[in-house]
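# Per-entry structural report
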Amino acid sequence: MEEPTNNNSNYSAADVPAHNLERRDDVRFQHEIENLIKGAEDMRLQFMRKQRGRNISAMALSILCVIAGSAGFGYFFLMQGNLTLGLACIAGAMIAPAILGKWTGGIAKAYAAHYKNDFMPKMAQLLGGLKFYPNRGISHKIVTKTGVIPPHDTYNAEDCFMGVYKNVKVMLSEARLYKKGKNKGEPVFDGIFVLLEVADKIIEGHTILTADGQLAGRAASTIWRKFKPVSIQTENPNWNRFQIFSTKPDAASLLIGERFLKELAEAAQIFNDAPLSAVLFGGKFIFLAIPYEDDMFEASNMYVPVATKQHALQCKKEIEQILEIIDLFELYKTDSKA
């Protein structure tokens, strides 16, 4: 198939900031996020007042334009008998409100841009030192190698967080995949992509874990033909939600154990019990595809308060759950050197 369109920059190792992320305790984080949200609220109120001012001005000017257009039509058509100039006055009266509408809409666009370019980078920094890029995402070439992405024609990624934690490069972004002519523009995937790149090659073969039964049913007999099922027993049945397939089942059994399944299950629960899929491939990549329709990082309506402290704490919990997976692989690396 042809390369899907992608309006975002591709991932590369050079893009990931070199400094290490750090865990933030909840008390410190809550204090810092309260100050950030207060500043963002003050700015939102400033934009809201500007919007109201423009709305009032635009309404008054629109009324004047209608009156002037009607008067012009009456004068030129009824008094002068010139229909062309009369209709021109009416047309001008209709065009002016449209222009004024764009003028008033500019405030909302400016507010959304401020939210993405000022508030979100500061919030990312509070989430342990992440960097935020509103228009970046994981490279399509990497995404298609995972084996868990549905057929699509368009790939859009945005709201990307990057950082390094324990020498593991971390990248997380919202992602949407679209298929032409399917579901009237509804995405075939709407959620979050996560890519972790460990420093050393500790992964053998290509292993897929998925809680998406439909994906497993479709792919097991097609694109996963060279994969073999892997069975891992766990004490907790809640951790047993994943079907596992690998090109190196013996190596996968050693790398994936109860603790790894536990972390993935807990990650799924944090994201509204999403049917999460995880892929270990390329020697050093761990990829997560998390269906999650909530738009986590967009600016709210200008007349609605900025993201609450509870929303920020949820983002913190989601980031930390991903870091837990990195901690697990750091343990494996330590064990292998012992």
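Just so it is clear, the structure is predicted and the values come from calculations on it, not from any experiment. (Residues numbered from 1 in each chain as written. Predicted model: local features only at pLDDT ≥ 70, side-chain atom pairs only at ≥ 80, totals over all residues. Heavy atoms only, no water.)

## Some points on the overall build of the protein chain
A tally of helices and strands in the protein chain yields seven helices and ten strands. Counting over 338 residues, the protein chain shows a buried share of 45%. Pairs at least 24 apart in sequence give 72% of the contacts found in the protein chain among residues at least 6 apart. Surface summary for the protein chain: the accessible area is close to 17,300 Å², and the carbon and sulfur share equals 56%. (Helix = DSSP H or I, 4+ residues; strand = E, 2+ residues; numbered from the N terminus. Buried < 20%, exposed > 50% of the residue type's maximum accessible area, 1.4 Å probe, protein only. Contact = heavy atoms within 4.5 Å. Areas by Shrake-Rupley, 256 points an atom, 1.4 Å probe, with all protein chains shown as cover.)

## Describing the packing of aromatic side chains
Considering all chains together, one arrives at ten aromatic pairs under this definition. A ring pair is formed by Trp224 and Phe245, whose centres lie 5.1 Å apart and whose planes are at 45°; its orientation type is tilted. Within this pair, whereas Trp224 is found in the loop between helix 4 (213-219) and strand 7 (228-230), its partner Phe245 is found in strand 8 (residues 243-246), the two being separated by 21 residues in sequence. As far as burial versus exposure is concerned, Trp224 and Phe245 are alike and both buried. Within the aromatic cluster, the residues linked to one another by ring pairs are Tyr155, Phe189, Phe193 and Phe287. The ring of Phe47 is capped by Lys50, whose NZ or CZ atom sits 5.7 Å from the centre of that ring. Note that Arg136 overlies the ring of Tyr133, its terminal NZ or CZ placed 4.7 Å from the centroid. (Phe/Tyr/Trp six-rings, centres within 6.5 Å; stacked < 30°, edge-to-face > 60°. Lys NZ or Arg CZ within 6 Å of the ring centre and 35° of its normal.)

## Topic: the pattern of salt bridges
Throughout the structure, instances matching the rule amount to ten salt bridges. One connected set of salt bridges, linked through shared partners, spans Glu158, Glu174, Arg176 and Asp190. (Salt bridge = Lys/Arg side-chain N within 4 Å of Asp/Glu carboxyl O.)

## Thoughts on the side chain of His206
Its place among the elements puts His206 in the loop between strand 5 (189-197) and strand 6 (207-210). Engagement of the side chain of His206 in a polar contact is seen with the backbone oxygen of Thr146, the distance being 2.9 Å. Excluding anything up to four places from it in sequence, His206 contacts Lys145, Thr146, Phe227, Phe245, Ser246, Thr247, Val279, Leu280 and Phe281. (Polar contact = N/O pair within 3.5 Å; in protein donor to acceptor, adjacent residues only side chain to side chain.)

## Some thoughts on the pairing of strand 5
With respect to burial, strand 5 is a largely interior element, nine of its nine residues being buried. Bridge count for strand 4 (residues 168-178) against strand 5 is nine bridges, and the pairing is antiparallel. From the neighbouring strand, Val170 faces strand 5, where its bridge partner is Leu196. Relative to strand 10 (residues 285-291), strand 5 is paired through seven bridges, and the arrangement is antiparallel. If you follow Leu196 over to strand 10, its bridge partner there is Ile286. (Pairing = 2+ DSSP bridges.)

## Some points on the confidence of the model for the protein chain
When pLDDT is averaged along the protein chain, the result is 79; 84% of the residues meet or exceed 70. By mean pLDDT, the top-scoring element of the protein chain is strand 9 (residues 277-281) (93), and the lowest-scoring one is strand 1 (residues 5-6) (48). Counting interchain partners and residues more than four positions distant, the pLDDT-below-50 stretch residues 1-5 has ten contacts. A low-confidence stretch, residues 334-338 stays under pLDDT 50, and its non-local contacts, those more than four residues away or across chains, total one contact. (pLDDT = per-residue confidence, 0-100.)

## Some details on a nonpolar patch on the surface
Together, Tyr75, Phe77, Leu78, Met79, Leu83 and Leu87 line one region of the surface with nonpolar side chains, adding up to about 650 Å² of accessible area. Top element by residues in the nonpolar patch is helix 1 (residues 26-79). It accounts for four residues. Relative to the helices and strands, Met79 resides in helix 1. (Patch = residues over 30% accessible without salt bridge, like charges linked within 9 Å, V, L, I, M, F, W, Y side chains within 5 Å.)

## What about the side chain of Thr146?
With respect to the secondary-structure elements, Thr146 resides in the loop between helix 3 (140-144) and strand 3 (154-165). In this structure Thr146 comes out as buried when scored by relative accessible area, which is 0%. Reaching out from Thr146, the side chain makes a polar contact with the backbone nitrogen of Val148 at a distance of 3.4 Å. When neighbours within four sequence positions are excluded, Thr146 is seen to be in contact with His206, Ile208, Val279, Phe281 and Phe287.

## As for the environment of Ile223
Relative to the elements of secondary structure, Ile223 occurs in the loop between helix 4 and strand 7. On the basis of relative accessibility, which here comes to 55%, the residue Ile223 falls in the exposed class. Distance in space between the C-alpha atoms of Ile223 and Val148 is 9.2 Å, their sequence separation being 75 residues.

## Points about unusual backbone geometry
Notably, Asp159 is not glycine yet its phi reads approximately 55°, a positive angle. With respect to the element layout, Asp159 can be found in strand 3. Since its relative accessible area comes to 0%, Asp159 is described here as buried.

## Notes on the environment of Lys166
Take Lys166: it is sitting in the loop between strand 3 and strand 4. As for Lys166 and Ala199, which are separated by 33 residues in sequence, their C-alpha atoms are 9.4 Å apart.

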